[in-house]
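# Residue-level structure breakdown
Each chain is listed here by its residues.
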Amino acid sequence: MVAESSRTAVETAGQTHLAALSQLAVASYETLERELRATIAVLEAQARRFEMAIDNIPQGICFFDVDERLILCNRRYAEIYRIAPGKLQAGMRLADIIEHRLAAGTLAMDGKAYLAFARSINSSTSSRTWTTELKDGRTIQVGHQPMPDGGWVATHEDVTEIAASRVMVSERVSLQALIDWVPDYLWVKDSESRFVVANKALAADHGRDPSEMIGLNDFDLHAPELARQFRASEQDLLRSGQPMVDREEFIVDASGTGKWLSSTKVPLRNAGDEIFGLIGIARDITARKQADDLRDGQAHILEMIATSAPLPEVLERLIRLIESQLSGIVGSVLLLDEDGAHLHHGAAPSLAKEYTHAIDGTRIGPKVGSCGTAAYRREPVIVTDIVSDPLWEDFRDLVRPYGYRSCWSTPILSHTGVVLGVFAMYSKTVREPTKAESNLIDFTTRIAGIAIERKLAEDRIHFMANHDALTGLPNRALLGDRLSQAILYAQRYGRWVSVVFIDLDNFKLVNDTLGHNAGDMLLKAVASRMVECVRATDTVVRLGGDEFVIVLFDQDPNVDLIAATLQKIRTAIVEPVCLGEHHIRATASMGVANYPDDGATTDMLLANADAAMYRAKELGRDNFQFYAPEFNATAQEKFLLQEELRNALARAEFTLLYQPQVDLRSGNVFAAEALIRWNHPSLGLIAPMKFIPMAEETGLIVPIGDWVLHEACRQNKAWQDAGLPPLVVCVNVSARQFKEKNLISHVVDALTDSGLEAKYLELEVTESLIMQDVEMAVATMNQLQSLGVQISIDDFGTGYSSLSALKTFPVARLKIDKSFINDLATDENDQAVASAVISLGQKLNLRVIAEGVETDDQIAFLRKNNCDEMQGYHFSKPVSAHGIARLLYKEQDGHTSPE
């Protein structure tokens with residue numbers, strides 16, 4: 001029982017355990033089922049989300065297994081290939097899908113070819129991407145990715161629009177690359193002047209990339225004023241529709257460099273002919289502009305030089321022209337002074353003013369910076385670093401405050417190689433000049449040399465035009481200006497002006513005896529002494545020859561003070577002057593006229609001072625005289641007479657008288673001296689003493705003397721043709737005539753025209769005349785003698801000929817001057833001279849004639865001393881040609897004196 005009970009208990013317990021296990025199994029299954037269902041739900045939810053995600057992907061996606069069966073695809077895949085979504089089911093073969101695409105017309109090739117192409121792709125183990133063009137024109141990009149189990153997944157994307165966009169982008173990139181190759185500026189702007197397109201050249205000059213230019217306008221790139229100009233011109237263009245062609249515009253780029261552009265801007269129009277923007281192109285013409293500016297500047301500067309613009313203006317314009325061609329360079333011109341030792345400021349418009357003043361007057365030398373050394377060496381001096389160059393050792397501290405580090409100096413030379421100045425270029429960087437800068441240096445020095453030489457030449461011309469070349473004194477041209485200023489001052493302040501007319505006494509004698517060089521030395525010495533005797537405000541003028549004028553400025557109205565100044569001048573003039581081996585004492589005749597008493601104008605004062613000077617000469621010379629009105633009347637009379645003398649020949653107002661010359665032994669008339677007279681229509685007969693000196697001064701003596709020569713020969717021939725005894729006609733030859741180169745031809749013409757034989761013509765020359773140039777005189781007299789013409793020496797004894805000279809003269813007669821005959825009867829000195837001349841003539845086999853014989857005592861002395869001939873009032877005064885004829889007729893009849 002117990003066992004059974006135990007068995008029963010065991011069975012009961014087993015059953016209880018089995019039920020529990022069953023219940024546990026059921027519970028576990030239920031739990032597992034619930035978990036599985038939950039997992040399935042989760043997976044289904046994920047699948048739905050995955051499907052939803054795949055369906056919303058813009059690309060088409062498809063999954064195929066190893067057997068080419070469709071596992072999954074999204075709606076986009078069906079849309080791309082124009083297949084209804086319901087027709088694409090999982091498990092479809094690839095060949096079936098190809099049939100659907102073929103039916104929809106979305107294959108790029110036939111079905112078999114595409115299937116073969118797809119299988120070749122699927123057999124590959126690497127991913128691939130390609131594009132295909134569908135027959136409907138779309139472009140599809142396919143991405144193929146194999147899977148480990150042998151299937152594949154593929155993406156399909158319609159890239160038709162993207163491809164088009166990429167073409168546009170590519171084309172745009174190509175256009176940008178194209179315009180970037182253009183070296184000129186090229187751009188497109190919209191209607192608001194904003195950049196739409198800009199090339200690399202334009203962008204780079206503004207420090208940007210082309211892409212950074214898009215949307216910008218000129219106010220973003222330029223200064224406001226320049227931007228406003230561009231904006232205004234472009235808006236005018238957009239409104240008018242008229243293009244702007246080749247307009248020159250100036251800009252400043254990002255580096256601060258100024259540039260000139262030649263710009264052309266054209267409006268852009270759409271299909272409706274509406275303007276929606278503009279396209280522009282601009283070329284950098286800075287180099288051409290600079291070349292044009294340089295050429296124009298050169299022309300302008302040369303014009304300034306040609307029109308005698310002031311030298312500082314020319315040089316400053318030249319420096320500014322050069323500075324406009326360069327960057328960071330300033331120029332300077334220094335001029336070498338007259339002593340050739342110091343440099344003075346010429347032009348430096350951009351150089352620091354304090355530095356310019358500091359170097360003004362620098363003495364040149366072998367170690368005087370760049371400029372002083374260049375002028376000293378006469379060659380360019382290039383200093384690349386002022387701080388270290390030894391040439392600047394003494395000037396380094398001077399230049400340091402201004403920051404100049406290099407200086408290139410070139411001497412400015414004249415066309416003969418003389419240093420005129422120095423041109424310098426300064427830079428604030430350590431460097432040497434470039435080739436372009438060297439070319440500009442050469443150009444500048446040449447132009448500067450021309451300008452400086454022109455100025456020096458003008459100064460010399462102006463000085464020569466207003467100053468005497470020999471003494472350096474002001475001349476007649478400057479006298480009027482100085483005297484006018486002095487008169488104006490005297491009018492304003494109630495002062496006097498004294499005009500002193502000075503003529504050196506016997507200056508001609510110095511020239512004749514010692515030569516013109518000695519005369520010039522005397523004039524310079526006298527001029528220097530006169531300048532030393534007056535004040536700096538006074539003016540000493542040389543009129544010409546030995547005539548001077550002194551203008552005494554701002555004088556007290558006191559004649560005594562003026563006389564003291566004149567005496568000082570007179571004393572200085574008479575001091576001996578050393579002329580080689582000779583010591584000469586010069587004297588002067590001075591005339592003074594004072595403003596306002598002696599004249600109110602420059603002409604009147606000069607004329608009255610001249611008249612006073614002639615009064616001083618009349619009073620014995622070596623003195624000064626103040627003006628008196630009667631002097632002016634005399635001078636006026638002389639002037640009028642000179643004017644009438646010029647017309648006397650043309651009016652046939654001259655006539656000849658003849659004075660017989662008599663042989664003292666036979667008493668016969670053998671010759672007649674032709675003596676000119678002026679038969680003035682209103683003044684009557686004018687004596688030679690009054691008009692011959694005037695004719696000498698004016699040069700009229702030459703034509704007058706030629707007339708006398710022709711008329712005397714004609715008359716002598718007429719006497720002979722009338723049957724009268726032949727005689728010699730004597731004609732005086734003046735110094736001016738004798739020096740004429742055509743004297744011989746005039747004598748030949750007179751003889752030829754008259755038909756007179758040469759032996760019946762005698763020319764009288766003075767002793768002083770032939771001594772002026774003995775060699776020339778002898779040559780001329782030999783030519784006359786070879787013609788057969790006789791020659792006599794007139795006024796013998798008043799000159800200074802030597803015996804050695806006299807014996808060389810080819811003369812036939814000596815004429816004793818009447819000054820030795822006047823007192824011959826009573827004056828022992830005159831007797832000694834006369835007898836000496838007679839004796840001398842006999843020794844030299846010359847005939848001797850005495851002129852001015854008027855008394856029996858004179859004749860007695862002459863006959864006693866064996867004088868050959870005589871002439872004078874004792875026998876006959878000068879008579880007409882008819883009177884000579886009657887005299888000769890009577891002589892033939894036995895009479896020896898004329899009626």
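One can find the structure itself at the top, above this paragraph.
Computed from a prediction, not measured in an experiment: that's the story for all the values here.

### Re the overall build of the protein
When you go through the protein residue by residue, the secondary structure sums to 30 helices and 32 strands. Relative to the compact-globule value of 29 Å for 899 residues, the protein shows a C-alpha radius of gyration of 63 Å, a clear excess of over 25%. The principal-axis extent of the C-alpha atoms belonging to the protein is close to 245 × 65 × 50 Å. Across the 899 residues in the protein, those meeting the buried criterion constitute 44%. For the protein, contacts bridging at least 24 residues in sequence account for 56% of all contacts bridging at least 6. Accessible surface, the protein as shown: approximately 46400 Å² in total, 54% of it carbon and sulfur. Of the charged side chains in the protein, 89 are positive and 123 negative, and the gap between their average positions amounts to 6 Å.

### Focus: the sheet that holds strand E6 (residues 185-190)
Taken together, the five strands give an open sheet; going across it, the order is E7-E6-E10-E9-E8, and neighbouring strands pair in antiparallel fashion. With one partner strand each, in any of the chains shown, strand E7 (195-198) and strand E8 (244-252) form the two edges of the open sheet. Strand-to-strand twist across the sheet, computed as the mean angle between neighbouring axes with direction ignored, equals 25°. For strand E9 (residues 258-269) and strand E10 (residues 275-284), the ladder comprises nine bridges, and the chain directions are antiparallel. Counted as the bridge partner of Lys265 is Gly280 from E10. Where helix H8 (residues 224-240) meets the sheet, its contacts fall on E6, E8, E9 and E10, and the angle it forms with E8 comes to roughly 165°. The strands touched by helix H9 (residues 286-306) within the sheet are E8, E9 and E10, with E9 carrying the most contacts at an inclination of about 125°.

### Topic: the packing of aromatic side chains
All told, the structure shown has 18 aromatic pairs when counted by the stated rule. Here the aromatic rings of Tyr77 and Tyr81 are separated by 5.4 Å at their centres, their planes lie at 70°, and the arrangement is edge-to-face. The residues Tyr77 and Tyr81 share a single accessibility class, namely buried. Look at Tyr489 and Tyr493: their rings are 4.6 Å apart centre to centre, the planes differ by 45°, and that puts the pair in the tilted class. Separated by four residues within a single helix, Tyr489 and Tyr493 lie in helix H15 (residues 476-493), roughly one turn from each other. On the accessibility criterion, Tyr489 (29% relative accessible area) is partly exposed. For Tyr493, a relative accessible area of 47% corresponds to the partly exposed category. Here a set of aromatic residues connected by ring pairs shows up, and it is made of Tyr355, Tyr402, Tyr404 and Tyr426.

### Observations regarding the side chain of Asp389
Residue position: Asp389 is located in the loop between strand E14 (381-383) and helix H13 (396-399). Despite being buried, Asp389 has no salt bridge partner; Arg396 is the closest side chain of opposite charge, sitting 6.1 Å away. Not counting chain neighbours up to four residues away, the residues in contact with Asp389 comprise Val383 and Arg396.

### Some points on the pairing of E8
Both E8 and E9 contribute to a ladder of seven bridges, which runs antiparallel. Counted as the bridge partner of Glu249 is Leu261 from E9. Adjacent in sequence and paired antiparallel, E8 and E9 are bridged by five residues, among which Gly256 carries a positive phi angle near 90°.

### Digging into the sheet that holds strand E4 (residues 139-146)
Taking strand neighbours across the sheet as the criterion, the five strands line up as E2-E1-E5-E4-E3 in an open arrangement whose pairing is antiparallel. For this open sheet the edge positions go to strand E2 (70-73) and strand E3 (128-133), each flanked by a neighbour on one side alone. In this sheet, adjacent strand axes meet at a mean angle of 20° when their direction is disregarded. As paired elements, strand E1 (residues 60-64) and E2 share three bridges and run antiparallel to each other. Note that in E2 the partner of Cys62 across the bridge is Cys73. Along the sheet, helix H4 (residues 111-122) contacts E3, E4 and strand E5 (152-158); its crossing angle with E3, the most-contacted strand, is approximately 165°.

### Overview of the pattern of salt bridges
In total, this model carries 43 salt bridges according to the counting rule given. Between Arg400 and Asp397 there is a salt bridge, with the nearest N and O atoms lying 2.5 Å from each other. The class for Asp397 is exposed, based on a relative accessible area of 60%. Residues Glu711 and Arg714 are paired through a salt bridge, measuring 2.7 Å at the closest nitrogen-oxygen approach. Separated by three residues within a single helix, Glu711 and Arg714 lie in helix H22 (residues 701-721), roughly one turn from each other.

### Notes on the nonpolar core
Leu645, Tyr658, Val747, Leu761, Leu763 and Ile770 are the most contacted members of the largest nonpolar core, which has 81 residues in total. Residue contributions to this core peak at eight residues, all from H22. Sequence-distant contacts of Val747, that is, excluding residues within four places in its chain, are made with Leu709, Leu761, Leu763, Leu784, Leu787 and Val789. By size, the runner-up hydrophobic cluster in this structure holds 33 residues, among which are Val500, Leu523, Val534 and Phe624.

### Points about the environment of Ile54
Assignment of secondary structure puts Ile54 in helix H1 (residues 2-56). Here Ile54 falls in the buried class, since its relative accessible area comes to 4%. Residues within four places of Ile54 in sequence aside, it is in contact with Ile61, Phe63, Leu72 and Asn74.

### What to know about the environment of Lys259
Locating Lys259 in the fold gives a position in strand E9. Other than its neighbours up to four places away in sequence, Lys259 contacts Tyr185, Asp205, Glu249, Phe250, Ile251, Asp253, Asp284 and Thr286. Only 2.7 Å separates the side chain of Lys259 from the side chain of Asp205, close enough to count as a polar contact.

### As for the packing of H22 against helix H24 (residues 743-754)
Two numbers describe how H22 lies on H24: the axes approach to 9 Å, and their chain directions differ by 30°. Of the possible angle classes, the one that applies to H22 and H24 is roughly parallel. Every pair of crossing elements has a handedness; the one defined by H22 and H24 is right-handed. When H22 is examined against H24, the residues Asp706, Leu709, His710, Cys713, Arg714 and Lys717 are found in contact with a partner set consisting of His746, Val747, Asp749, Ala750, Leu751, Asp753 and Ser754. Here the residues of the contact of H22 with H24 are counted per class, giving five nonpolar, three polar and five charged.

### Observations regarding the packing of helix H17 (residues 516-533) against helix H18 (residues 559-574)
Here H17 crosses H18 at 150°, and the two axes come no closer than 9 Å. The pairing of H17 with H18 is recorded here as roughly antiparallel in orientation. Crossing of H17 against H18: the hand is right-handed. On the side of H17, the interface is formed by Val526, Arg529, Met530 and Cys533, while H18 contributes Lys568, Ile569, Ala572 and Ile573. A class-by-class count of the residues in the contact of H17 with H18 yields six nonpolar, no polar and two charged.

Each value, and the rule that gives it
- Residues numbered from 1 in each chain as written.
- Predicted model: local features only at pLDDT ≥ 70, side-chain atom pairs only at ≥ 80, totals over all residues.
- Heavy atoms only, no water.
- Helix = DSSP H or I, 4+ residues; strand = E, 2+ residues; numbered from the N terminus.
- Rg over C-alpha atoms; globule rule 2.2 N^0.38 Å.
- Buried < 20%, exposed > 50% of the residue type's maximum accessible area, 1.4 Å probe, protein only.
- Contact = heavy atoms within 4.5 Å.
- Areas by Shrake-Rupley, 256 points an atom, 1.4 Å probe, with all protein chains shown as cover.
- Lys, Arg positive; Asp, Glu negative; His and termini not counted.
- Charge placed at Lys NZ, Arg CZ, Asp CG, Glu CD.
- Pairing = 2+ DSSP bridges.
- Axes fitted to C-alpha atoms, helices over the stretch in contact; angles between N-to-C directions.
- Phe/Tyr/Trp six-rings, centres within 6.5 Å; stacked < 30°, edge-to-face > 60°.
- Salt bridge = Lys/Arg side-chain N within 4 Å of Asp/Glu carboxyl O.
- Core = buried A, V, L, I, M, F, W, Y, C linked by side-chain atoms within 4.5 Å.
- Polar contact = N/O pair within 3.5 Å; in protein donor to acceptor, adjacent residues only side chain to side chain.
- Parallel < 35°, antiparallel > 145°, perpendicular 65-115°, else oblique.
- Left-handed = near helix turned anticlockwise from the far one by under 90°.
- Nonpolar A, V, L, I, M, F, W, Y, C, P; charged D, E, K, R; others polar.

Everything listed is a geometric property; what it means functionally is a separate question.
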